[in-house]
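# Understanding the architecture of this molecule
Residue strings, one per chain:
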Amino acid sequence: MRRWDFVAAYLQGELQHGEVVYCHAPPGYATLGADGRPRICRVEKPIYGMAQAGRRWQRSLFPWL
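Residues numbered from 1 in each chain as written. Predicted model: local features only at pLDDT ≥ 70, side-chain atom pairs only at ≥ 80, totals over all residues. Heavy atoms only, no water.

## Points about the overall build of the chain
Looking only at helices and strands, the chain features 1 helix and 2 strands. Secondary structure elements of the chain, listed N to C terminal, follow the sequence β-β-α. Relative to its full complement of 65 residues, the chain shows a buried share of 22%. Total accessible area on the chain stands at roughly 5,800 Å², and carbon and sulfur atoms take up 56% of it. (Helix = DSSP H or I, 4+ residues; strand = E, 2+ residues; numbered from the N terminus. Buried < 20%, exposed > 50% of the residue type's maximum accessible area, 1.4 Å probe, protein only. Areas by Shrake-Rupley, 256 points an atom, 1.4 Å probe, with all protein chains shown as cover.)

Quick look at the structure:
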């Protein structure tokens, strides 16, 4: 087999133990908290478009190959 096609592969990775990533709230969610400060979200799994997403998925896949 020379080629594989993975659907939503970037969503299958795991962040490394102790790795903490934050992002802004997505469109449609409240961007300000009750205290008027901007809301940020803690990311629990790699998401598409994240700089680390490809590498995290690669680390999940390589032990299987």
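Once the structure has been displayed, the description carries forward.
## A look at the nonpolar core
By size, the foremost hydrophobic cluster in this structure holds 5 residues: Leu15, Val21, Val43, Met50 and Ala53. Filtering out sequence-adjacent residues up to four positions away, methionine 50 remains in contact with Leu15, Val21 and Val43. (Core = buried A, V, L, I, M, F, W, Y, C linked by side-chain atoms within 4.5 Å. Contact = heavy atoms within 4.5 Å.)

## A look at the confidence of the model for the chain
Averaged over every residue, the pLDDT of the chain is 77; the share at 70 or more is 82%. Taking the mean pLDDT of every element in the chain, the minimum, 72, falls on helix α1 (residues 53–61) and the maximum, 87, on strand β2 (residues 40–43). (pLDDT = per-residue confidence, 0-100.)

## Quick notes on α1
Among all positions of α1, only Ala53, Arg56, Trp57 and Leu61 are buried. Along the long axis of α1, the arc covered by the buried residues comes to 135 degrees, so they all point the same way. (Arc of directions from axis to C-beta.)

## Structural notes on a nonpolar patch on the surface
Taken together, Val20, Tyr22 and Ile40 make up a surface patch of nonpolar side chains, about 310 Å² in accessible area. Tracing the sequence through the fold places isoleucine 40 in strand β2. (Patch = residues over 30% accessible without salt bridge, like charges linked within 9 Å, V, L, I, M, F, W, Y side chains within 5 Å. Salt bridge = Lys/Arg side-chain N within 4 Å of Asp/Glu carboxyl O.)

## Re the environment of valine 21
Assignment of secondary structure puts valine 21 in strand β1 (residues 21–24). Overall, the relative accessible area of 11% leaves valine 21 in the buried class. Considering only alpha carbons, one finds valine 21 and valine 43, 22 residues apart in sequence, at a separation of 5.5 Å. With sequence-adjacent residues up to four places away left out, valine 21 is seen in contact with Leu15, Cys41, Arg42, Val43, Met50 and Gln52.

## Let's talk about the environment of valine 43
Looking at the secondary structure, you find valine 43 in strand β2. Residues valine 43 and tyrosine 22 lie 21 residues apart in sequence; the distance between their C-alpha atoms is 5.6 Å. Sequence-distant contacts of valine 43, that is, excluding residues within four places in its chain, are made with Leu15, Val21, Cys23 and Met50.

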